Amino acid sequence: MVQPIEYRETIGDAVSMVKKINKLRSAILACATALTMLGLAMPMSAQAEYGDIVINNYADQAGMNPVVFPHWFHRARFRCKVCHADLGFKFKAGGNEINMLKIIDGQYCGACHNGEIAWQVENCNLCHSGKPGTSTQVHGSTVQKLVTPANAKNKGK
């Protein structure tokens, strides 16, 4: 029987759970690496899926791929307040002035991705996996199809 995922109220509550996940992730990565080396696995490329947040405030200008933030992966494990209240993330894709210096300094993503709670930021392509030129957005959002850009010409009039 599948056990439901418990929500975590604070970052502190999540530390032991994340350590268990990291041990499992290490084992899975070792298996995937072995299969790849044996030629039995196809390499996977990260791509944004519906509901992921694509962040490209600075990436293109810095010569990096946009960041793909797996929102629902995090949301399944933590209550909204952990990131949006405790860590200060605004409820708007691209609403924060996030950069690598702030992350390394322990702000935003760096509050957890510090090598103790979750993996560190040395592997750039784990986050910077978006298609170059993709705008900051909630990937696949119907809002993009419903809202007419402010600079679009009024057709039909």
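Before reading further, recall that the structure is shown in the block above.
The structure displayed is predicted, hence computed values, not measured ones.

The rules behind these values
Residues numbered from 1 in each chain as written. Predicted model: local features only at pLDDT ≥ 70, side-chain atom pairs only at ≥ 80, totals over all residues. Heavy atoms only, no water. Core = buried A, V, L, I, M, F, W, Y, C linked by side-chain atoms within 4.5 Å. Buried < 20%, exposed > 50% of the residue type's maximum accessible area, 1.4 Å probe, protein only. Contact = heavy atoms within 4.5 Å. Pairing = 2+ DSSP bridges. Helix = DSSP H or I, 4+ residues; strand = E, 2+ residues; numbered from the N terminus. Salt bridge = Lys/Arg side-chain N within 4 Å of Asp/Glu carboxyl O.

Draft legend 1. Geometry of the nonpolar core. Counting residues in hydrophobic clusters, the biggest one holds seven residues: Cys83, Leu87, Phe89, Ile98, Ile103, Tyr108 and Ala111. With residues near it in sequence (within four places) discarded, Tyr108 still touches Leu87, Gly88, Phe89, Asn96, Glu97, Ile98 and Lys102.

Draft legend 2. Structural detail: the sheet that holds strand 2 (residues 67-69). Strand order in the open sheet formed by three strands is 2-1-3, with antiparallel pairing between adjacent strands. Each having just a single partner strand, strand 2 and strand 3 (137-138) make up the two edges of the open sheet. Relative to strand 2, strand 1 (residues 53-55) runs antiparallel, the two sharing three bridges. Looking at strand 2, one finds that Ile55 is bridged to Val67.

Draft legend 3. Highlighting the pattern of salt bridges. Taken as a whole and judged by the stated rule, the model has one salt bridge. A salt bridge links Lys81 to Asp86; the shortest N-O distance between them is 3.5 Å.

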